[in-house]
Every structure is written in C-alpha cells, then in structure tokens.
Amino acid sequence: MTQRPTPGTPTGEVLLDCRNVSLAFGSVQALIDVSLTLRPGEITALVGDNGAGKSTLVRCISGVHRPDSGHIYFDGAEIAFHSPEDAREAGIETVHQNLALVEDLTVWQNLFLNREIVRRLGPLAFLNRRAMQARSREMVSTLAVNVPAVGSRVRRLSGGQRQAVAICRATGFSSKLVIMDEPTAALGVQETARVEELIVRLRDEGHAVLIISHNFAQVMRLSHQVWVMRAGRCVGGRRTAETTGEEIVALVTGALAT
Amino acid sequence: MTQRPTPGTPTGEVLLDCRNVSLAFGSVQALIDVSLTLRPGEITALVGDNGAGKSTLVRCISGVHRPDSGHIYFDGAEIAFHSPEDAREAGIETVHQNLALVEDLTVWQNLFLNREIVRRLGPLAFLNRRAMQARSREMVSTLAVNVPAVGSRVRRLSGGQRQAVAICRATGFSSKLVIMDEPTAALGVQETARVEELIVRLRDEGHAVLIISHNFAQVMRLSHQVWVMRAGRCVGGRRTAETTGEEIVALVTGALAT
Amino acid sequence: MANTTLTAGEGQAWPARLKDASFWAEWAALVGLIVLVIVFQALNPTFLSMGNISSMLVAAAILIILAVGQTFVIATAGIDLSIASVMTLGAVVFGQAYAAGLGLAPACLLAVLGAGAAGALNGLIIAWGRIADFIVTLGMLSAASGLALILSDGKPVTIIDPKLLKLSTGGVGIFGWSFVIAVVVAVAAHVALFHTRFGTHLFATGGAPESATAMGISTRRIKLAVYLISGLLAGLSAILLVARIGAAEPAANTAFLLNSVAAVVLGGVSLFGGRGTVIGPFFGALLLVALVNGLTLLGVSQFYQPLAVGIVVVLAALLMRFQQ
Amino acid sequence: MANTTLTAGEGQAWPARLKDASFWAEWAALVGLIVLVIVFQALNPTFLSMGNISSMLVAAAILIILAVGQTFVIATAGIDLSIASVMTLGAVVFGQAYAAGLGLAPACLLAVLGAGAAGALNGLIIAWGRIADFIVTLGMLSAASGLALILSDGKPVTIIDPKLLKLSTGGVGIFGWSFVIAVVVAVAAHVALFHTRFGTHLFATGGAPESATAMGISTRRIKLAVYLISGLLAGLSAILLVARIGAAEPAANTAFLLNSVAAVVLGGVSLFGGRGTVIGPFFGALLLVALVNGLTLLGVSQFYQPLAVGIVVVLAALLMRFQQ
Amino acid sequence: YGSGLPAGSAAATGERAAAAPRIAAVIKGLDNPFFQTMKQGIDDQARAARATVTVQAANSITDTTGQADKLNSLSGQDFSCYVVNPISGTNLIQGLARLSAMNKAIVNIDSPVDPQAAKSAEVKLATYIGTDNTEAGKMAGQRMTQLLPSGGKVASVGGIAGDVTSGARLGGFQQGIGPNLKIVQTVAANWDRQTALTAATDVMQAQPDLAGFFVANDDMGLGVARAVANAGKAGKVKVISVDGIKDALEAVKAGTLDGTVAQYPYVIGVMGIEACQAATSGKTLPSHVKAPVEVVTKDNADKALAATPKPFGAYSDPIKNLIK
Ligand SMILES: Nc1ncnc2c1ncn2[C@@H]1O[C@H](COP(=O)(O)OP(=O)(O)OP(=O)(O)O)[C@@H](O)[C@H]1O
Ligand SMILES: Nc1ncnc2c1ncn2[C@@H]1O[C@H](COP(=O)(O)OP(=O)(O)OP(=O)(O)O)[C@@H](O)[C@H]1O
Ligand SMILES: O[C@@H]1[C@H](O)[C@H](O)CO[C@H]1O
Ligand SMILES: [Mg+2]
Ligand SMILES: [Mg+2]
C-alpha cells in the first residue's frame, strides 16, 4: 500500500473511503493507487487537469466501472457494485460529466428513469404519468430559469437546460452521497448560483457531496476539503480552510510536490 | 425593423453584421429579431442565460441553420450560406458547443476533417497521413497539457481533451472570424489559461473572435464588446471598458431593462 | 419568452402537432393506407366489400403480430432476423406435438414455449456474449429452420381440428378471430411500451444504452426480454399460421421476415432505436397486405406486381416527408 | 504519466494491439476462417486440395464484391437491401443486351450502368427525400426484381460466349479470374476508404452525421456516392454471375443479400456506421463460403446443415469476444 | 486420393467399381416433401445396388448459386457418377462442365439442364429422367375441362414468377383446356402454401364467378383448396394441382382437392441411381426418359394412396433392363 496523501483534519466518521484504487483501459492507466476519503455533512471537491482521472474515479464509485485493484468502502462496508443500480440502491446519486440523459425521452421520463412512480393494479404496475409530471415540474422549477416543459424531449434542450435536468435528477431522490462531475460547466450565472445554493442545502441536510470542478473560486467558496489528482494519481488533500487557491493550483500543475 | 440595441462605440469597420435575425423550431421561437455587429481585431463576447439562443445564433452564422428572416452581412457582403462548407470557405471557423467531433475518428482525422492534406498522383489524390499527423502533434501540443496521442480515437479522450481538440481545429486554419461556443467550459486551469492566451493571440493577429461564455470574469478580462441575449432576443450591447460585471448580470437576468 | 417557447410536449395542440415531423412519421403508414384504399376502391369497388375487408384483416393478422414482436426488438436498436424461421420452428413443434396426440392446448403451449426458447437464446447470446444482434439472429435464422427440418423430417403435418378451424374461419362480425388476437396483442404491446416501467427502460436502452446503464437499468435484461417477447409472439403466429393453412410445414417463410421489418419501418419506428409506436407498425402491416390484395384484385400481372409494391412502399415513406 | 498513458494509436505495439477489443473485432473473421480450415482439413483432407481451394475462391468472388459494396453503405450507417436484386437486374440487362446482339463489352457496360442507376436512385431518394435507408432499399429490392422480370419476360437467357466462359473458368494458378477481380475490387475499396478524403468523409458521415455536416461535409453527396458504388459493384457481380451460371436469369438471389450483410458484420463492421475495414468483410465472405463447402465435403446431412451453419456463424462472432 | 471415402468402401470400389459406383446427388430444396420422396427413391435404389450415395440439397428452391456451390464442393471428390436436379436450366452449368471434362457420368433428373447451354459448355449428360411438365399441365387442363363441362372462368397459380417448370405446367394447362374454359388471371405464389392461400382468396374476391384453379404444385394446391373452403365455395370452385404428395392424395380422397397430376419423384430417384449404375458400367442410355405421370381423382385416390410413393399403374423403366 502506498503512502496515503495528507488526509486533512478528520472531523467525524468517514462515509466514503477509497483505498489504492487502480484502473487501466487497455494500455491507458487512468487511475493509479488512488486513495481518498469523504465525510457526511461535508462538501468535498476533486480537482485536477483534464485527463487526470477524475471522471474515471467517479465512475468507479458509482458502479459504472469496476476497479482493477483496490477497495472502496461506503457507509462502513466494502462495496463491490456490479452495476450503477447497486450504487443507486446504496444511496449514491451521480451527475455524470456526459449527463447520462436519454435524448429521445422527455424531461420527466429522464428525471424518473429507473425511479418511476407506478400505480399498482393487482400484480400489474402502470406508470403514474401525471404524478411524475407534476413532481418533475416542481423539481425543474427550483433550478432552471428558462424552465423547459417537462414533456419536451431532451434532444431539444440547450446545453445548460440539459445540465439542469441531470442535476435535478441526482438531487431529487434521497441519497447519502451526491456526486457531481462538473455540474455547472454549462450553466449560466443564475443557474450556477442556484446549483451552489442547492449544494449547500444538501450539505445542510446532512448529505455528503463530492463535486468536481475546474472553477477554483467555486471550490474555495463551497468545499470543506479538496483532493487533487494528477495523471491518474491522487497527489494530495487539504482542508479548504487551511489552504489557498494558489496552493491548489500548484498541486494541480505539479509545481508543488506532495 | 426593431430598434437596434446600443451598439457600443464604433471603432473601425464592421466584419459581421446580423440584422433582425429570427428563427423558430416548430413552435419554439429560438431567435427573435436579433441584431448585433462585430469588428476585426476585437474579441466580442455573447452572454445570456441557458436557452437564451446563443448557440442557435452561432449556428446561423456558421451555416448550420438558415434564419427564417433577417440578414447577415459578413465582410461587406450579404451571406446566404447553404451549408457550413460555405461558411468555412468564407472564413468563419467555429467551435460548437457540442464540439462537432467524430468519436470514431482519430484526433488528427478530426483536426483535418474536410481540410485534409493530399498528395496528388495524376487525377488521383491520396491522403498525406504523415504530414497531417505531424501538423496535428504541433497544433495539439500548444494547447493541451495531457497531450493525447494524435492517433488515438476521440472516443477515448476526457471531456477537456475533446474540447482542446475542437479548439485546435477551429484555430489551426486561417480564418477571418473564429467563433467559440463556451470553449473553456470543460477545461482545467492550465488549459483555460492557454486558450485565453490563444484568443488574445488571434486578436493580435487581426482575427475577429466571438466567444460565448458564462464566466463573466473571463468575459470582462478578454472582450472588447459584450452582447447580451435573453429569451431569444439580443437585449443589449456594451463596450467592455464602459461597463461592469454587475451591469452585464443585470442585463442577463432582466433586472436592468434596455 | 423562453417559457412559452418550450411548451411543446404533452399538452400540445393539434395544429402544432401537425407541424411536427415525428407526428407524420408515426402516422405515415395510416395516411398511406388511406390513400391506397381510396385509389383501389376507385379502381375496383370489390376492394371495400365486407368479404374482402374481412379476408384482408385475417391475412394481416400474422404479419401484425410479427411486426409487434419486431417493434420491441427494433426499439432497443436491435433486429430479429430469425423471427420468421422461429415461427416455422414453432409451427413444426406444434405439428409434431399434435401428431403425437398431445391435444390442442398442450401443442399450442409447446409451440409458444419452443419459439420463446429460441428467442430467449437469441437474447442471452446478444446480451451476455455482446455479439451484434444481426449476426446472432442470422445464425438463429439458419439454426431454427434447420431444427424445424430435423424435427419434421422435412415433411408437413396436416392438422384437422375443429377448434383450430374455427380460429381461422370464425370471428365477430367482419373481424376474424385471428385479427382479434392480433389487435389484443397490439393493445397489450402498446400498454407495455407506454404505461409500464419496462417500456420506458426499453426505449432508454435503445436510445442511449450508456445512459440507461448509468441510471442502473440492466440493459442486458431488457435485451433478453425483447428477444423473448419476439420469440413468444413468433410462437403465437405459428399457431395462427397452422390454423390458417391447416398444416404445420417446415417452409422458409422468408417473406414474413422482410415484411415484418418493413411494417415496422413504414410505421415510423427508427432502426436506430429509442423511439417507436405500436400503432405505426400495425398500420404498416395492414398497408403491405392491402397493397398485395389490391394489386391482385386489379389483376396486375405477376411480373408487374413486385415493381408496383416497391414503388408504393417508397411513396408511402415519402408521404411522411411531403406532408410536413 | 498521462502522456505515456495515451500513446495508443498509430504507433501501437503488437502486444498492446492484441489486447485491444477492436483489433479482435476486425480480425475475428480471419481467425474464424483459420479455425474452420483446420477443423475441416482434419476431418477431410480434400478440403485443402488445390482444386477445392480454387473452387472455393471462385465461389466466394461474387459474395466478396457484394460485401465490399455493402461495406461502403454500412460504414455510413445505412444498409442496402436491394444489392442482390440489383445484381439480378444487372444480369437481366446484360442478358437482354447480349441477346439483342450488342456484343460482350457493351452488354457488360450496360449491366454495370443499369445497376449503377438503380443504386444512384437509392442514394438520391435516401439523401434528398430523407427516408430511412431500410425502406428505400427494401422498395428497390422489390422494384428491381420486378423490373428484371418485366425486362426478361420471366425467362432466362442462355449466354454462350467463349470470353465469358474463360472469365469463369480461367485464371492464374489456383486463382480464378473472378477471384482476381474480387481482390482488385477489395484493394481499390481499401485505398478509397483509408487513403482518400472521400473515405474519411464517409466514416464521418456514418459516425457523426451532425458533426460531419458542421464541418462542411455534404453528407448527402456521400450517401449518394456509397449507394452508387454499391449499385456499380452489384453490376460487376452480375457479370460474374452470368459468367458463372452461363445465363442471365430473373432469379431472386435472396441468399446473397443476407450473406453480404453477414460477411460485413462478421468482418467486424458495426451496423451503426462510422467504422469498418475491407479486409474484415473479405474474410467474412470467405468464411461463409468455406463453411458451406466444408459441410458439404463432410457430407453433413442436408437437414443438419442449416443448423450447423447457424451455430458456426454465432461461434465465429463469439471468437472476437473470448479472444480478448 | 480417395482418402475422403467412408471407411470400408475404398476396397469395395476397387473390386467392383462397375457394380457399386460411388454416387453424389445434388437435388433442389429441403422444405418440399417432393424432394424427400425423391431422396427416398435414391437411397432405396442405392441400397439395393449396394452403392454409396451422398445426397446434398440447396437451402431453398430459389437458392441457385448455393446449389452450384454444393455441386462444386462435391466435384473435387472421387465420385464416379453425379445425379443432378438443377434449380434452373443453367445454374449448375459450370460445375457440370468441369465434371464432363473429368469424364464423370452425369444423370439429370426432374428439372432439365438447358440443352443449348449444355452444348456450348460441352456438358455431356448420360440421360435426362423427368416429368414432361407441359404434358402434366395438359393433363390437368383436360381434367379441368371434364370437371367443368359447361365451361367458365379459371385462374392459374404458379410458383415463383419466371420459374421454368411452373411456366411449362401453366402453358400445358392452357393447351389442355377446351374452348369453353377461360384463364382470367395468373398469379405467382412462390411455391408457398400461405402465399397461395392469400392469393387465391384475393382472386376469388376479384372473380366472384370463378369456377376453378390450376395450381403448379400440391403444396400451394392445398393452400388454394383451403382458401376455397374458407370462402364457402367448396365443390363449386375446382382445384387441380401437380405432384401427388401424400397429403394431396389424401385431400383428393377427402374431396377437398379435385385432382392432382401425380409425378413420381420416388421413381425418378430410383431411375436416377439405375442410370448411374448403367452409365458407370459402360452402357449407353436413352437421351430422354419420361417419368410416369398419372392423374389422380377421387375414383383412384385409394389406389394411389396405397401405392405411394410408387405409382399405382404400370410404367416402363427402360433403364432397369440395362442393368439386369
Ligand atoms: N473508456 C475509456 N477508454 C480508454 N481510455 C479512457 C476511457 N475513459 C477515460 N480514458 C482515459 O483515461 C484518462 C482519464 O480520463 P478522465 O475522463 O477520468 O479524466 P478527467 O480527469 O475527468 O478529465 P476532464 O477534466 O477533462 O473531464 C484520460 O487520459 C482518458 O483518455
Ligand atoms: N434543434 C432544436 N429543436 C428545437 N428546439 C431547439 C433546438 N435547438 C435549440 N432549441 C431551443 O432553442 C432555445 C435556444 O437554445 P440555444 O441552444 O441557442 O441556447 P443557449 O443560449 O445556447 O443556451 P446554453 O447557455 O444553455 O447553451 C432553447 O429553448 C432550446 O430548447
Ligand atoms: O417438380 C418439382 C415439384 O413440382 C415441386 O413441387 C416444385 O419444384 C419442381 O421442380
Ligand atoms: Mg471528466
Ligand atoms: Mg448553447
């Protein structure tokens, strides 16, 4: 086991604990011995250059990929998700960088994908479209400014509207950990502000939030703890209160060795 | 013709002049009487909420859509592009928000898409792969930090790596106007800095640059002129030197009427 | 106003819908059918006689059921090339079971189960072996017809059963029983696609498999399910086929394969998956049957019929474009 | 090191390539072919006799050329269902022209032009009418065979021409002329796909039509071109077919359609477009021909052959999975 | 050489090459019992002659090139005599030319090789044994005239449009009917029972006063009879077909079919093997041998059924005498 990078001052129990996670795609070593932790009620940021492996790590946590080696502990137990379904069951919701929307389905169908509300009729279960549409309208209106009709297909939405839909979906269902991979990249000022409010609210409600962002101002503003990745490795962690934007940048670029 | 919004202090000739451009998708009015201008040797920013119509306007200028009504003048002459080919011929290169990359082609094939270097053998023309690969390596290395091998397929690149490829493509060929639709949304700090340098260099070389961004700090830092869109309309324009971030935000949100 | 500009969707008004390309794609088959009916009726008044309508509907029943099965598969961006030969296999299983004296109901059950098993095998290999749908079902096309030949020893079994005869000749009013069954199947399929979780997951699997997976949908199970459904429906068709011709034969039935896909595509379902209706393929199947019926009624020479069919199929598809 | 982690691609070393899934997809047909050859040779030594190899290669020629045409179309995410019946049309045009005393060369030219025209019509309707490839070429499948029946009045024309006979029986060493022609076609296709702008634009059209359009590629012209090529190659196949069977017949040739697509898919070309090779479909076609040849040599009973073909086709496709 | 032989037969070949030839047979289709019966005849006679025989069949009755490939596969092996039943007049020409060049004996059964093509390709046929299809059609026409003494309208149902055998039968029927009968429509039903059923239903709608159907084979004939029964016109609309398969004989007995012109594929198969025996022992065969044909009606159906697959009447077998 490699030396674990500076873990920051521990405050309270650990919700997610990655230990020496490695993953290769063919000859591409996307993750090399990545170890990091995060705590409930905190916002944890994950930063790093393009191609550093952030999204790949997220996909390991949310069950899309399975690490080649290493262990991931969630809520006390080791997890071996066989599918994203397992991760969602366990209480991990994710906004993927590619959004993971189905373009040909409507906004409300995407919001409730694999979480559909049904009405039971004996052994049969039929979709309760009305209920889902009504709930969807609520969910979307908290976040988006130019509210897309929940009945329109995602294919017709603008870049930011799509991102808003993906965020609504991840936060609209109770979960222990919400992971957001560059959630505000395509968002306008107002939407960004609302998403940041939402993140803070999630934290206040006791959820853990893991956010990936290239916007260091945002990272410094929101997070309690920052982990830095470089070229597939987790090269350091800091309590946000105890670091500066400059230090993080230096870690990201490799100007500062750990 | 509607009242044209404040055009900012004119300095020198106009390169692109949109007059009363409108476009509807079925029942969705995406652009309503949009009028704006931009000048060579200047960086023009276009801002607005999600779904305001920015990308749609860009697609009209670059020949992807044809406006329902209105006129677009480029370099003195009215343009009626029948295809993006025409726009590229006329000297307009675009980084689309969706990047417009072909996932199954390699980086160098994407960079030279429809601009391939060929070697003539009598009436036949064969691809000069070597030349394109070599040029591609140069182009990419100026921009990306984790340089992807130019022979790897775009499908395997991270979000930021893709964006870097799309930007390289748009700036690698001589053109009069470079349009960038949220070019740094997915980029890391270092890459963002490089793209901003690149934009400034383009300007210095006398190109016009139209940049769409939700990052107002960036807009204030780079641009000479800002146009604001709201709900399909162009609701105002300012010389950057004569405005503040707050005023722009107010225009975007509608707190400040034009 | 962006808010009002985005009210497309559920509550959409009719005039707006008529401008919508996808609306026409979905209803093109019906429009084409209506045009065809008008033309044929003008040329030969027997076309819309009760007798002829009734026989067209019965003739269409098998194709409708196969097209519904094919719709499930195509909506997941797959294709079932084995659908017709699995039907043949089902028919042969039926014939052998019946000839062995098992009785009508067990024979029917075995036919459906046998065809369903072939479908499930398709699904298993496609989902777990991750091999292209086209290749797996092409293999099954060959394997199922081989199995049918082996089981039947290449010989047809004549089946004379009063209940089966009733199935093929009786009915309510002008609607023969087999057509009634086809309608029931279509309605059930519509409900499954648009009013159950399964349906939503199916379209998600077809439209964006990676997104569906990321949302925890088991695309494998969906793939397995659609091929199973397609197989079961091929088995049901087999029963109707045996009832119709009064024999279980190991015949190739290739025409049913191409026609089932044609009905689906004419019905506006994209071969790239993720979208689709049941009503479209339903009318697509009727269109194809009415076309051949009309041409025969008009006495169009056998040499000119394929040309006419080809032209009308393309014209029907063009309809959805020009109506915009 | 991220830099070193991304060196996949052009300069890739062989061991790394062997781990790459797409490598196996492309070469599965060849691997399958080799396995098949080993098995058949072990069971029956006649299999690798010069005479049998030679006759297999000649038998494969037509399928190879059709598969190459189909590859162009499939790489753009289309499909040409009319390829076999356009070949039939070409053969009939050839027969009629020859019977009318036009001479061999003009008859060949007319056959290729006629088939090319049918292909171009496909392309025009698909690109400008924006109708699904499947429906247009299905329509053409029907229309072309109708036209072939009409032109020939349903009768085959026997063609006796010493040059044509040479084409079908002569050759260099064990390589019959028709196989040599097929190889030339395959090489030319490979160059067109991988060493010309057209090829790059074709893959872009298939893989991401919207991106291709945004980069100024006329996807319509590309579509037109691939269907034209497919038609022209069907015309060329028609000449080889006439030479092979010594007559121009209005027969359906459906087997060629499914086999041409099967060869392409076994060759690792995705039906969703955007990728592909020529070498894959080439070996895919050889695999299919060798399979039937071997089974016949072994005297596998006629009833068991379709079953065996089905199983081997799926196994060959599985190869590309298990080799990873 | 000869290492591909089944164990034990090599020695036998050496000793009694003349008496026990090694025979390869390539016949038409798998899915029609007609060819099952043919194979039975081939196998029975081969057993009686203590000859070894390999029977291969095309995948379907339309698979012209597939059949050619099978013949080519077999032609490289050490058979002394080849029995062929080509799908079309010319599709096997190339392989046959090769066999002739190697001086192998070729016996043509059922469907004739195009004589002109055979001549030009220097194919030497030992003999042709088969039904005179025009004659068979004529007999059906005469029978129809008997059944409908007061005349009326009749329709013809053929195999695949353009098929030579089907064309000959339809032409013969035209010659056989008296002046009072008028053929009002001819349709093509692809040798398929279901297609024939649908087509006949449509024709009856178009021609309400139709009095009879002539159908080119029994499989389709049974479908047409079913259509007639479904339309409630049993007995009013006469149906006559060709082949004499068991199910058809039973239908004639039951009265659902008004007659069949029985061919004897069993006898054709037997005579094919006999011809091989004669040819390989150096005998000269008559160039044409007519296979027996009998009209089966309700009166003699019992006799026919009892004798099937052999003819119930006497027939001449000129070949038998040669091998005694
Ligand atoms: N499916 C895949 N196949 C092959 N390589 C991959 C795959 N996914 C990611 N990679 C490679 O793994 C490395 C890490 O990618 P990842 O997407 O995790 O980066 P990231 O840190 O999220 O970057 P960005 O900030 O640009 O989103 C990259 O070099 C990328 O090319
Ligand atoms: N092809 C289309 N079909 C239907 N509606 C569309 C289409 N493209 C865009 N729209 C609609 O037009 C409006 C403007 O979209 P556009 O993409 O131009 O917004 P934008 O200003 O670029 O937003 P963002 O900042 O989120 O990228 C949105 O309401 C969108 O839903
Ligand atoms: O003679 C045979 C039979 O009639 C069969 O039913 C069809 O093919 C013909 O060649
Ligand atoms: Mg990422
Ligand atoms: Mg945009």
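Data block above holds the structure.
Note that the structure is predicted; figures quoted are calculated from it, not measured.

Cut-offs applied
Along each chain, residues carry numbers from 1 onward, in the same order as the chain's sequence is written. Chains and ligands are labelled sequentially in the order written, the chains with letters from A and the ligands with numbers from 1. Local features in this predicted model are restricted to residues of pLDDT 70 or higher, and side-chain atom pairs are both shown and tallied only at a pLDDT of 80 or more, whereas totals for entire chains, interfaces and linings draw on every residue. To get the side-chain values, all heavy atoms of the structure are used, and hydrogens and water are removed first. Secondary structure elements follow DSSP: runs of H or I no shorter than four residues count as helices, runs of E no shorter than two count as strands, and numbering proceeds from the N terminus. Only the C-alpha atoms count toward the radius of gyration. The rule for a globule is 2.2 Å times the residue count to the power 0.38. Each residue's exposure class comes from its accessible area (1.4 Å probe, protein chains only) as a fraction of the maximum for that residue type: buried when under 20%, exposed when over 50%, partly exposed otherwise. Here the Shrake-Rupley method, with its probe set to 1.4 Å, supplies the accessible areas, and only the displayed protein chains count as covering residues. Charge counting follows a simple rule: Lys and Arg are positive, Asp and Glu are negative, and His as well as the terminal groups are ignored. To locate a charge, take NZ of a lysine, CZ of an arginine, CG of an aspartate or CD of a glutamate. Here, the term disulfide refers to a pair of cysteine sulfur atoms separated by no more than 2.5 Å. Residues are treated as being in contact if the distance between any of their heavy atoms lies within 4.5 Å. Summed over both partners, the accessible area lost on bringing two parts together, with a 1.4 Å probe, is the buried area. Here, a salt bridge means any side-chain nitrogen of Lys or Arg that lies within 4 Å of a carboxyl oxygen of Asp or Glu. Polar contacts, as counted here, are pairs of nitrogen or oxygen atoms within 3.5 Å of one another; within protein the pair requires one atom able to donate a hydrogen and one able to accept it, and residues that are adjacent in sequence qualify only if both atoms are side-chain atoms. Note: two strands are recorded as paired if DSSP finds a minimum of 2 bridges between them. Only C-alpha atoms enter the line fits that serve as axes; for helices the fit covers just the stretch in contact. Angles between N-to-C directions range over 0 to 180 degrees. Only nitrogen, oxygen and sulfur atoms within 2.8 Å of the metal, or 3.2 Å for Na, K and Ca, are treated as donors, and water is left out, so sites may look incomplete.

Draft legend 1. Structural context of the overall build of chain E. Within chain E, the regular secondary structure consists of 13 helices and 12 strands. A globule of 324 residues ought to have a C-alpha radius of gyration of about 20 Å, and chain E, at 21 Å, matches this closely. Along the first, second and third principal axes, the C-alpha atoms of chain E reach 65 × 35 × 30 Å. Buried positions account for 63% of the 324 residues belonging to chain E. Carbon together with sulfur atoms contributes 51% to the accessible area of chain E, which is approximately 11,300 Å² in total. Computed over 30 positive and 27 negative side-chain charges, the separation of the two mean positions in chain E equals 3 Å.

Draft legend 2. Inspection of the state of the cysteines at higher detail. Residues and elements named next belong to chain E. Applying the stated criterion to the full structure yields 1 disulfide over all chains. There is a disulfide in this structure between Cys-81 and Cys-276, and the S-S distance comes to 1.9 Å. Taking the sign of the S-S torsion, -70° for the link of Cys-81 and Cys-276, the bridge is left-handed. Of this pair, Cys-81 sits in strand 3 (residues 81-84) while Cys-276 is found in helix 11 (residues 265-280), placing the two residues 195 residues apart along the sequence. Since its relative accessible area comes to 0%, Cys-276 is described here as buried.

Draft legend 3. Geometry of the environment of Arg-201 of chain B. Residue and element names in this part refer to chain B. Tracing the chain through its elements places Arg-201 in helix 6 (residues 189-204). Accessibility expressed as a relative area gives 41% for Arg-201, which makes it partly exposed. Expressed as a C-alpha distance, the spacing of Arg-201 and Val-189, which sit 12 residues apart in the sequence, is 18 Å.

Draft legend 4. Here's a closer look at the interface of chain D and chain E. Listed by partner, the interface residues are 33 residues for chain D and 33 residues for chain E. Three residues stand out in chain D for area buried against chain E, namely Arg-244, Thr-296 and Gln-302 of chain D, and they jointly supply 24% of the buried area on that side. A salt bridge links Arg-244 of chain D to Asp-69 of chain E, with the nearest nitrogen and oxygen atoms 2.6 Å apart. Joining chain D to chain E, the criterion identifies 9 residue pairs in polar contact (both at pLDDT 80 or more). For the side of chain D that touches chain E, the secondary-structure elements that each account for two or more residues are helix 4 (50-75), helix 8 (162-169), helix 12 (219-245), helix 13 (254-266), helix 14 (279-297) and helix 15 (304-322) of chain D.

Draft legend 5. Region of the structure containing the sheet that holds strand 11 (residues 225-230) of chain A. All names here are of chain A. Judged by pairing direction, the sheet is mixed, and its 6 strands sit side by side in the order 6-9-10-3-11-12 without closing on themselves. Edge strands, defined here as strands with exactly one partner in the open sheet, are strand 6 (92-95) and strand 12 (233-239). Across the sheet, the axes of successive neighbouring strands diverge by a mean angle of 15°, strand direction being ignored. Here strand 3 (residues 43-48) runs beside strand 11; their pairing, made up of 5 bridges, is parallel. Note on strand 11: the bridge partner recorded for Gly-48 is Met-229. Against the sheet, helix 5 (residues 159-171) touches strand 6 and strand 9 (177-181), its axis set at about 175° to strand 6.

Draft legend 6. Inspection of the coordination of the magnesium ion (ligand 4) at higher detail. Residue and element names in this part refer to chain A. Taken together, the protein ligands of the magnesium ion (ligand 4) are Ser-55 (OG) and Gln-97 (OE1), with distances of 1.9 to 2.0 Å. Taken together, the residues span a long stretch of sequence, with Ser-55 in helix 1 (residues 54-61) and Gln-97 in the loop between strand 6 and helix 3 (107-111) at a distance of 42 residues. With relative accessibility at 25%, the residue Gln-97 sits in the partly exposed group.

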